Amino acid sequence: MLNVLLPLAAIASSAAAFYLPGVAPHDFVEGASVNLDVNALTSADTLFPYDQYHPRLHFCTPEGGAVNKAESLGSILFGDRLYNSRFELKMKKDVDCQVLCEEAIPGDDAKFINQRIREEYNFNWFVDGLPAAQMAQSTKTNETFYSIGFSLGELTQDDKPVLNNHYTLQIDYHTVDNVNFRVVGFIVWPYSIADGSCNMNAAPLYLDESKPTTVKYTYRVRWNFSTVPWGTRWDSYLKMIDPQIHWFSIINSIVIVFMLTGMIAMILLRALHKDISRYNAFTEEDGGMEDFGWKLVHADVFRPPVHRMFLAVFVGNGAQLFLMAVATLVFAALGFLSPSSRGSLGTVTLIFYVFFGFAAGYVSARLYKMMQGEYWRRNVFLTAFIVPGFAFGTFLVLNFFLIGAQSSAAVPFSTMFALISMWFLVSAPLCIAGAYFGFKHPTIENPVKTNQIPRQIPTQPLYLNRWIAALIGGILPFGAIFIELFFIMNSIWMHKFYYVFGFLTLVFSILVVTCAEVSILMCYFHLCSEDYYWSWRAFLTSGASGFYVFLYSVLYYYRKLHIHSFPSAALYFGWSIVMSVLFSILTGSFGYIACLMFVRKIFGAIKVD
């Protein structure tokens, strides 16, 4: 095991910092126009982004009106709304003090802006695909790095909001021939200046909530030569501030795997091997001997479980999620999902999910047929619609909260129609096709026969209660991933880049092994206690890790976020429930498939009259 994990860890460390640029470089000659695009304003305190040109923000709109830039499906779903701007940038042409526009902000809108300042909203601008950033320094390593975005305004010492209306833009460029220049960095320093004079030492700008306030927006541009080549321009944005924490995550996960592997090895190599040898030896003796231990349930262990339909449906959807995750991680770890292509991760994930609907139908049909199910039409329908319907229904409800808040993240009707079309015209037909082939295949034969009369199950000890055993087993898979989960949640809710997919791939691999081992371990204990209802227990044992993911999201909500409004809380917990349920289905499927293989293996190895 160690010989395998050490090379994987080495690969993970290299892949964590590797990426492909994703787009072709854009060369500018001196004096050429360089576009500055603006994205939605975001805040970790409300989770509701707002368009840069929201009418109540009164930001300078371009002459002739703002033009919406084409965005990918993933960008739209994550709330990106990119527009052109009024800034006039020329390559290598500095600007000392340029007036952008002058706006009169009414008292009601001033109140709206001041509230957004208190909620710590940030601007998100882009030049040549690079996001605007502010320079920051790590308190642990003293390294400088780029912090994405910059503030709409600040709070003074007496807790009064001031609006940032002057922007000093530093754009770094690189060249190798002094003819063609490429943008390699974009830093913004915002200031609040009441008189619009570009004097950074002037009095700050307060918006009067009782009468209109005249605001003059200005900017300054500085072009700065940089030795950073275009191919590595994202390194400052993607720099890991504390990479040791990711290694701690890997070590923590490996320790859990070693512990479980040791216990599994002890069971398989000692207890289980001796049991099989002893059972077969007794069978060969004249007169035989009465069965004991897990062999007692050989005539009931493959009895179809209750609610077999839903078990087959969930495992089928788990297979779909698994293949989606593997394909996405492979593309991401190899560097194909560049951060310069906003929304590419979400788009690719959604596309893989849709096309792997075939696997969901196939696996669900094969298992349902093995469980002697009869309502195959219902199985196909539920596989194609119950889990995607739950996710889409939640998404639809939460979208109404976004519409009510007039947030830019509200998904437009055209995008909604595209999602429904992908579901009904691609995913569902593929699921039906997969189910067709699944039902056409021969039934999976069980290694032992099942009695017509079920065996009575003796009273079980408390720790083998289905819910207690699930809670005990579910904490181990969660323990393998909870550190990496923190960074993933930071990227979702705190609008940070997550790009250590090499680490994530290794952690995901450890998660699969952990789910399989903990489910097998608990399944063995259940069988030794003569409890043959292992199917749902195997699913719940590893699937309970999704419950711990939700508990962690509750802890994250109270420890990291500062949300005070009901719509924002509903949005956060709504998506947290969806992610936790999907994670439960994914990990539960690992547990069930592993136990199915384990049970078939051990009962196929014994001789039964």
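Residues numbered from 1 in each chain as written. Predicted model: local features only at pLDDT ≥ 70, side-chain atom pairs only at ≥ 80, totals over all residues. Heavy atoms only, no water.

Colleague: Break down the overall build of the protein chain for me, with residues and values.
Modeller: Looking only at helices and strands, one finds 15 helices and 15 strands in the protein chain. In the protein chain, which comprises 609 residues, the share counted as buried stands at 52%. Considering only residue pairs separated by 6 or more positions, the protein chain has 80% of its internal contacts joining residues 24 or more positions apart. Of the roughly 28300 Å² of accessible surface on the protein chain, 62% is carried by carbon and sulfur atoms. (Helix = DSSP H or I, 4+ residues; strand = E, 2+ residues; numbered from the N terminus. Buried < 20%, exposed > 50% of the residue type's maximum accessible area, 1.4 Å probe, protein only. Contact = heavy atoms within 4.5 Å. Areas by Shrake-Rupley, 256 points an atom, 1.4 Å probe, with all protein chains shown as cover.)

Colleague: Go over the environment of Q406, please, and point to the residues and values.
Modeller: Within the fold, Q406 resides in the loop between α9 (376–404) and α10 (413–440). Note: C-alpha distance between Q406 and Y50 (356 residues apart in sequence) is 7.5 Å. Residues contacting Q406, with those up to four places away along its chain left out, are Y50 and H54.

Colleague: How would you sum up the state of the cysteines? Please name residues and give values.
Modeller: Tallying each qualifying case throughout the model produces two disulfides. Disulfide pairing is shown between C60 and C101; the S-S distance is 1.7 Å. Between C60 and C101, the S-S dihedral sits near -75 degrees, and the bridge is therefore left-handed. With C60 in the loop between β2 (36–38) and α2 (73–77) and C101 in strand β4 (residues 95–105), the pair connects residues that are 41 residues apart, well separated along the chain. Residues C60 and C101 agree in their burial class; the two are buried. Disulfide pairing is shown between C97 and C198; the S-S distance is 1.7 Å. Torsion about the S-S bond of the C97 and C198 cystine: about 65 degrees, corresponding to right-handed handedness. Here C97 is found in strand β4, whereas its partner C198 is found in the loop between β14 (182–191) and β15 (213–225), with 101 residues between them in sequence. Here the cysteine-cysteine linkages of the protein chain are recorded as 1-3, 2-4, numbering only bonded cysteines and doing so in sequence order. You can see C523 has no disulfide; the closest cysteine sulfur is in C595, sitting 4.2 Å from it. (Disulfide = S-S within 2.5 Å.)

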